[in-house]
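A structural walkthrough
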Amino acid sequence: MKKIWLYLILAFIAVVWVGQASLIAVAKPDEPFSSPNWENNQKISQSSGITGAIVPSIAASNNGAKVIVVYQGIINDNINDHDVYYTTSTNYGDTWPTKARIHQSTGTASDSSFVDVTITPNSKGHAVWIEEFSNTPRLVYKYENYWGNNTTNLITISAPTIPTVMAEPRIVAKNNNRLDVVWAQGEPTTNINIYHAYSISSTGNSWLGISPIADTTNTSRLPDIAIDASGNYHVVWEEGPDPTTIRYVRGVPSGNSINWSASINISQRSIPGNVSTATQPKIIAVGNTIHVSYTNFIGAQQQYVHHLQCNSGCTNASNWSSTNNPVSGQVLGAKALDPFDVISTVAQVGRCTFVYFHGIQDDFNPGTTDNERLWGTNSCGNWASSARDQLTSNENRSVNPSLISANNWWLYLTYEKVSIDSTLREIYFFRNQPAIYLPLVSK
């Protein structure tokens, strides 16, 4: 009996030693799978109070547990009457129990559009959008604690005295007490520039430093912004016309202010000679590496998605690398005027950069009416050298994707699902099933 107990004790010690070794030397695969293991998608926009849901934007908390999607809700089938809505998950996108307005406006003279969202490290949401007041646009902000079916607690960021163009705000959070917004603003008869403002309030109750990032003679629109691991800012936008190009600036903090570099043309790196249109840029910062995706628009049925990367010295266009472009592979198309451009979105998990986009692939199902589907490629699959990851089918239209990664583990993607006759528009959501990394015991 004593020998049996001795053997059991020795076996237990061996198991504990192996377990400790496993914890000490855990190995992860060098690269994720060639494409994410996506779970079944689910509708997340609300089914009452609105007659359509369009143009989603997504944000996630640092650990990925909290996910917020914001979108424009169409009121009474009137495409000129929107309110801004949100839906929230607190269990990694598994369920979406919270669905409501962010703010309630009145009538078409107070239309709401271009809503965007971010989440600060304390897991609080922050939303910006363009709100019309008697048909005059203003850039506004609202803190998550005040979201709901009310008309109060709305903060105006920018309100020019002369009616002007205001569009396409994007918001980022540097920390719990610093928010930054970029947007397009200007006179349509002269020029439209990219503006920047910041708040050093945890609830965004005041905004400072409203000024253009770059004062250009051409029209600037569709900005996007990212903050790198060193705290520097990176902004891209479309500048044009004839043809439009993608411009980039780097912002270096100086106290609360930001010193912006001169803007440079980075789309020339993958479209030499600027012989065709570059549009719809998206940007992310992974550590201090910057990734940009955008669309090369040659014609409505001849579009490609490109990817550019910069590791350092990004204010010099020659330091932006263009590899295997167009990363989307074969030609894509989009429905004329709706949304007209192929739109991409970019994120990263591990060492893999993912670019997803909508588009029509004409040879996918010959003899039928083709619609936009969601596709993806990634750097670990050598971009267009591998098969496209197809997320949606041809039965409906899938447009306006928005992708984000969280905790170097999750990929969350939201998009607008449109019926073939365009009478029904809803917001849907995908998440990946993260790879299970097995422990490696080192001897």
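Note that this is a predicted model, so its numbers are computed, not measured. (Residues numbered from 1 in each chain as written. Predicted model: local features only at pLDDT ≥ 70, side-chain atom pairs only at ≥ 80, totals over all residues. Heavy atoms only, no water.)

**Some words on the overall build of the protein**
Along the backbone of the protein there are one helix and 29 strands. The buried share of the protein, taken over its 443 residues, is 53%. Put simply, of all contacts in the protein between residues at least 6 apart along the chain, 52% involve residues at least 24 apart. As presented, the protein carries roughly 19100 Å² of accessible surface, and 51% of it is formed by carbon and sulfur atoms. (Helix = DSSP H or I, 4+ residues; strand = E, 2+ residues; numbered from the N terminus. Buried < 20%, exposed > 50% of the residue type's maximum accessible area, 1.4 Å probe, protein only. Contact = heavy atoms within 4.5 Å. Areas by Shrake-Rupley, 256 points an atom, 1.4 Å probe, with all protein chains shown as cover.)

**Notes on the nonpolar core**
Among the nonpolar cores identified, the biggest contains 17 residues, and Val236, Tyr248, Ile266, Val292 and Trp320 are the most heavily contacted of them. Listed by contribution, the elements that provide at least two residues to this core are strand E16 (245-254), strand E19 (277-286), strand E20 (289-299) and strand E21 (302-310). For this core, the element with the highest residue contribution is E20, accounting for three residues. Among residues more than four places away in sequence, those in contact with tryptophan 320 are Tyr248, Ile264, Ile266, Arg269, Ile290, Val292, Leu308, Gln309, Cys310 and Cys314. (Core = buried A, V, L, I, M, F, W, Y, C linked by side-chain atoms within 4.5 Å.)

**Digging into the sheet that holds strand E4 (residues 78-89)**
The strands that make up a sheet pair up through hydrogen bonds in the backbone, lying either parallel or antiparallel. Judged by pairing direction, the sheet is antiparallel, and its four strands sit side by side in the order E2-E3-E4-E5 without closing on themselves. Each edge of the sheet is formed by a strand with only one pairing partner; in this case those strands are strand E2 (52-60) and strand E5 (98-103). Pairs of neighbouring strands in the sheet enclose a mean axial angle of 30°, with direction left out of account. Across nine bridges, the pairing between strand E3 (residues 67-75) and E4 is antiparallel. Across the sheet, the residue bridging to isoleucine 74 is histidine 82, located in E4. (Pairing = 2+ DSSP bridges. Axes fitted to C-alpha atoms, helices over the stretch in contact; angles between N-to-C directions.)

**So, the pattern of salt bridges**
Between side chains of opposite charge, a pair can form when the charged atoms approach closely. Using the criterion set out here, one finds 13 salt bridges in the structure. Glutamate 168 is paired through a salt bridge with arginine 221; the nearest N and O atoms lie 3.4 Å apart. Taken together, the residues glutamate 168 in strand E10 (residues 165-175) and arginine 221 in strand E14 (residues 219-227) connect sequence positions 53 residues apart. Judged by relative accessible area, which is 11%, glutamate 168 ranks as buried. By sharing partners, the salt bridges in this structure join Glu39, Asp94 and Arg431 into a single network. (Salt bridge = Lys/Arg side-chain N within 4 Å of Asp/Glu carboxyl O.)

**Re the side chain of threonine 345**
Relative to the elements of secondary structure, threonine 345 occurs in strand E23 (residues 344-349). If we skip the residues at most four places from it in the chain, threonine 345 touches Lys282, Ser293, Phe354, Val355, Tyr356, Pro401, Ser402 and Leu403.

**Structural notes on the state of the cysteines**
In the structure shown here, the tally under the stated rule is two disulfides. Paired by a disulfide, cysteine 310 and cysteine 314 hold their sulfur atoms 2.1 Å apart. Sign of the S-S torsion, about -110° for the bond between cysteine 310 and cysteine 314, identifies this disulfide as left-handed. (Disulfide = S-S within 2.5 Å.)

**A word on the pairing of strand E12 (residues 192-199)**
Successive residues of a regular strand alternate their side chains across the two faces of the sheet. Within E12, eight of the eight residues are buried, which leaves it mostly tucked inside the rest of the structure. Taking every second residue as pointing to the same face, both faces of E12 are buried, with Ile192, Ile194, His196 and Tyr198 on one and Asn193, Tyr195, Ala197 and Ser199 on the other. Here strand E11 (residues 178-186) runs beside E12; their pairing, made up of eight bridges, is antiparallel. Across the sheet, the residue bridging to valine 182 is histidine 196, located in E12. Across four bridges, the pairing between E12 and strand E13 (residues 208-214) is antiparallel. In the strand pairing of E13, tyrosine 195 is matched with proline 212.

**Here we look at the sheet that holds strand E29 (residues 425-431)**
In spatial order, the strands read E1-E29-E28-E27; together these four strands make up an open sheet with antiparallel pairing. Where the open sheet ends on each side, the last strands, each with one partner, are strand E1 (42-43) and strand E27 (397-406).

**A short note on the environment of histidine 307**
Its location among the elements puts histidine 307 in strand E21. With 40 residues separating them in the primary sequence, histidine 307 and serine 267 have C-alpha atoms 9.4 Å apart. The contacts of histidine 307, once residues within four sequence positions are left out, are His291, Val292, Ser293, Ser321, Ser322, Asn325, Val327, Thr353, Val355 and Trp383. A polar atom in the side chain of histidine 307 sits 3.0 Å from the side chain of histidine 291. (Polar contact = N/O pair within 3.5 Å; in protein donor to acceptor, adjacent residues only side chain to side chain.)

**Observations regarding the side chain of arginine 431**
The residue arginine 431 is located in strand E29 in this model. Given a relative accessible area of 11%, arginine 431 falls into the buried group. For arginine 431, the side chain forms a polar contact with the side chain of glutamate 39, separated by 2.7 Å. Looking at arginine 431, its side chain comes within polar contact range of the main-chain oxygen of tyrosine 92, at 2.8 Å. If sequence neighbours within four positions are ignored, arginine 431 has contacts with Asn37, Trp38, Glu39, Asn91, Tyr92, Gly93, Asp94, Trp410, Leu411 and Tyr412.

**Some points on the environment of lysine 282**
Mapped onto the secondary structure, lysine 282 falls in strand E19. Sequence spacing of lysine 282 and isoleucine 225 is 57 residues, and the spatial spacing of their C-alpha atoms is 8.1 Å. Setting aside anything within four residues of it in sequence, one finds lysine 282 in contact with Asp224, His291, Val292, Ser293, Ile343, Ser344, Thr345 and Val346.

**Examining the packing of aromatic side chains**
Inspection of the entire model under this criterion finds 16 aromatic pairs. A ring pair is formed by tryptophan 38 and tyrosine 356, whose centres lie 5.6 Å apart and whose planes are at 85°; its orientation type is edge-to-face. Residue tryptophan 38 is located in the loop between helix H1 (2-24) and E1, and its partner tyrosine 356 is located in strand E24 (residues 352-359); the two are separated by 318 residues in the primary sequence. On the basis of relative accessible area, tryptophan 38 is assigned to the buried category, the value being 14%. Judged by centre distance (6.1 Å) and plane angle (35°), the ring pair of tyrosine 415 and tyrosine 428 falls under tilted. Pair noted here: tyrosine 415 is in strand E28 (residues 410-418) and tyrosine 428 is in strand E29, with a separation of 13 residues, a long-range link. What links up through ring pairs into an aromatic cluster is the set Trp38, Tyr356, Tyr415, Tyr428 and Phe430. Residue placement shows arginine 388 over the ring face of tryptophan 375; its charged tip is 5.4 Å from the ring centre. (Phe/Tyr/Trp six-rings, centres within 6.5 Å; stacked < 30°, edge-to-face > 60°. Lys NZ or Arg CZ within 6 Å of the ring centre and 35° of its normal.)

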